[in-house]
Amino acid sequence: MSSGLVDAPPSGPSAPPRRRRPWLRWVIAVTVTVVLLVVGVAVGVVAKLTGNVKHEDVTADDLGATRPPKVAGTAMNVLVVGSDQRNGKNAKYGRVAGERTDTIMLVHVSSKRDNAMVVSFPRDSLVQLPACRATAALPGQQAHLGMINESFNSGGIGCTWKTIESLTHIRIDHFVKVDFTGFKGIVNAVGGVDVCLPEAVNDKKALLHLPAGKQTLNGEQALGYVRARYSMGDGSDIGRIQRQQMFIASMVKKIMSGETLSDPAKLVGILDAGTKAVTTDRGLSFGVMKDLATSLQGLDAGQIRFITTPWHYSLTQPGRVEWVQPQAGRLFQIVAKDQNLQGVKGGQAKVGRSKIQIELRNGTWRSGLGTQVAAFLEQRGYHITKIGDTARKPQAKTTILYGPAGETRVPTLTADLLGGAPRELPAAKTNRLVLVIGDDWKGLKALRTDDTESIKGFDATHDTCAT
């Protein structure tokens, strides 16, 4: 970075570039799965609920001759996607031709039916996509490196199924697809879902207008809440995933509460809304759903875990996500073999220190501080490209200056510092970071004994309103 970088005008908080398809409907599909896992139904309503479910064929030709083996025979793995088809009742959210998905996840139910895991795959994941055959309506897919949600656009649910199996080596048993209207119906059947907003939201694009504080969202409001991106949080797609996961956890707790489970009319209403919302393969009949629900009646919210595939932002294609190995592979192996979930974690992994170049600028009157800090950072594995002073002294605050190409490196450095506020400089062309040492400099955090990247997951007891 040039010396003019420090003197450039400050910009607002960083946010990933906008896309034409701005929302990831995680929550739509997960909710249905949870409903089916926690309750049984009376015989008198089975016929009605069976008739609600729509089916779509996925054939052996769609999935290919080479599939992962079924290692854990009685465990169940269900591919879940959220459809953004915008016709009929969904047209008010913007008329867009065709059907796409920005939501892809895998629901794993253990062989003993004593725990479940929901693994999400970020929609911007840059992965090796397999070849998929064309259909009457879709062109098919050539094998190539691309974004994971391309498979649904190119080859539909069968191609997405094949893609996830090829990437994870997990044998998938069934799929569930859900749309906007179905999601709203489920939320309303539950009686609304509690969320907490740190500030008011006024998002015309998501049709969402809410005050700050704790409140119960109805179906329409909940859809806007999970669709919103730039008006809430840090504006990133990953931030939205985290918010949606917490929404799901809140819904799961309500569904599994004594108040809901002891109300037969409410249970039937939830199942009615859920079955109307889904399209599945023919093997996932309502009878299979009911049997699965019966076997899971003893499951509690603390045994349902939400995990995002370990990831970091791509170093070669800004804005894209790459999976971190060996962590991702270990997670997939645990699912495939139905092993103990205790200690399994997911989430963002930071860029390694050895791949980060830092220019240091001492903004204090403390002579030699820049050299001292450089030594500490080099001990951690960072590359120090230059040490100098700021044009003006003193600088009150320690600041990390970065350009768009350096955004992926910022979390690693901030995790090592006891203080320091990132500030983006949009005009910067390099991925190098500039660390401006201010009068508030407190040093570096002590290294943990294992010094591994912190990646997180949580279960369905998570409280979205907890501070």
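Model, not experiment: these values are computed from the prediction. By convention here, each chain's residues receive numbers from 1 onward along its written sequence. Confidence filtering applies because this is a predicted model: local features only for residues at pLDDT of at least 70, side-chain atom pairs given and counted only at 80 or more, and all residues used for totals across whole chains, interfaces and linings. Water and hydrogen atoms play no part in the side-chain values, which are based on all heavy atoms of the structure.

*Asks:* Could you give an account of unusual backbone geometry, naming the residues involved and the relevant values?
*Replies:* Among all residues except glycine, the phi angle is most often negative; among peptide bonds, the trans geometry is most common. Going from Gln 325 to Pro 326, the amide bond is cis rather than trans, its omega being 10 degrees. Note that Pro 326 resides in the loop between strand E15 (321-323) and helix H11 (327-337). In the segment running from Lys 393 into Pro 394, the intervening peptide bond is cis, with an omega of -5 degrees. By the secondary structure assignment, Pro 394 is in the loop between strand E17 (383-389) and strand E18 (399-402). Residues other than glycine seldom take positive phi values, yet Arg 113 does so here, at roughly 60 degrees. Here a helix means four or more residues in a row that DSSP labels H or I, a strand means two or more in a row labelled E, and each is numbered from the N terminus. Checked against the element boundaries, Arg 113 lands in the loop between strand E3 (101-109) and strand E4 (116-120). When accessible area is computed with a 1.4 Å probe and restricted to protein chains, residues below 20% of their type maximum are described as buried, those above 50% as exposed, and intermediate ones as partly exposed. On the accessibility criterion, Arg 113 (18% relative accessible area) is buried.

*Asks:* Tell me about the packing of aromatic side chains, residues and numbers included.
*Replies:* Between the rings of Phe, Tyr and Trp (Trp by its six-membered ring), a pair exists once the centres lie within 6.5 Å; its type follows the angle of the planes, with under 30 degrees stacked, over 60 edge-to-face, and the other angles tilted. Scanning all chains against the criterion turns up six aromatic pairs. An angle of 65 degrees between the planes, with centres 6.4 Å apart, marks the rings of Trp 161 and Phe 175 as edge-to-face. Of the two residues, Trp 161 is situated in helix H4 (residues 150-168) and Phe 175 in strand E7 (residues 174-178); the sequence distance between them amounts to 14 residues. Judged by relative accessible area, which is 5%, Trp 161 ranks as buried. Cluster of aromatic residues (ring-pair linked, three or more members): Phe 121, Trp 323 and Phe 332.

*Asks:* Which residues make up the nonpolar core, and what values go with them?
*Replies:* Side-chain atoms within 4.5 Å link the members of a nonpolar core, which is a set of buried Ala, Val, Leu, Ile, Met, Phe, Trp, Tyr and Cys residues. In terms of nonpolar packing, the biggest core is built from 52 residues, with Tyr 225, Phe 247, Val 252, Ile 304 and Phe 306 touching the most fellow members. By residue number, the principal contributor to this core is helix H7 (residues 237-255), which donates six residues.

*Asks:* Before we move on, can you summarise the environment of Ile 334 with the specific residues and values?
*Replies:* Note that Ile 334 resides in helix H11. For Ile 334 and Ile 170, which are 164 residues apart along the polypeptide, the C-alpha to C-alpha distance reads 9.5 Å.

*Asks:* Which residues make up the confidence of the model for the protein chain, and what values do they have?
*Replies:* Taken residue by residue, the protein chain gives an average pLDDT of 78. The fraction at 70 or more is 77%. How sure the predictor is of each residue is captured by pLDDT, a score from 0 to 100. Any pair of residues with heavy atoms lying within 4.5 Å of one another is described as a contacting pair. Across residues 34-43 the pLDDT falls below 50, and counting only partners more than four positions away or on other chains, this stretch makes 27 contacts in the model. Note that residues 93-98 has pLDDT below 50 and, in this model, twelve contacts with residues that lie over four places away or in other chains.

*Asks:* Explain the sheet that holds strand E19 (residues 421-424) to me, using residue names and the numbers behind them.
*Replies:* Two strands make a pair as long as DSSP finds a minimum of two bridges between them. Read from one edge of the open sheet, five strands run E17-E16-E20-E18-E19, paired in mixed fashion. Whereas interior strands pair on both sides, the edge strands pair on one side only; in this sheet they are E17 and E19. Across the sheet, the mean angle from the axis of one strand to that of its neighbour is 25 degrees, orientation sign disregarded. By the bridge criterion, three bridges tie E18 to strand E20 (residues 433-437) in an arrangement that is antiparallel. Opposite Leu 401, over in E20, you have Val 434 as the bridge partner. Whenever a helix is involved, its axis is fitted only over the stretch in contact; in every case the axis is a line through C-alpha atoms, and angles between N-to-C directions fall within 0 to 180 degrees.

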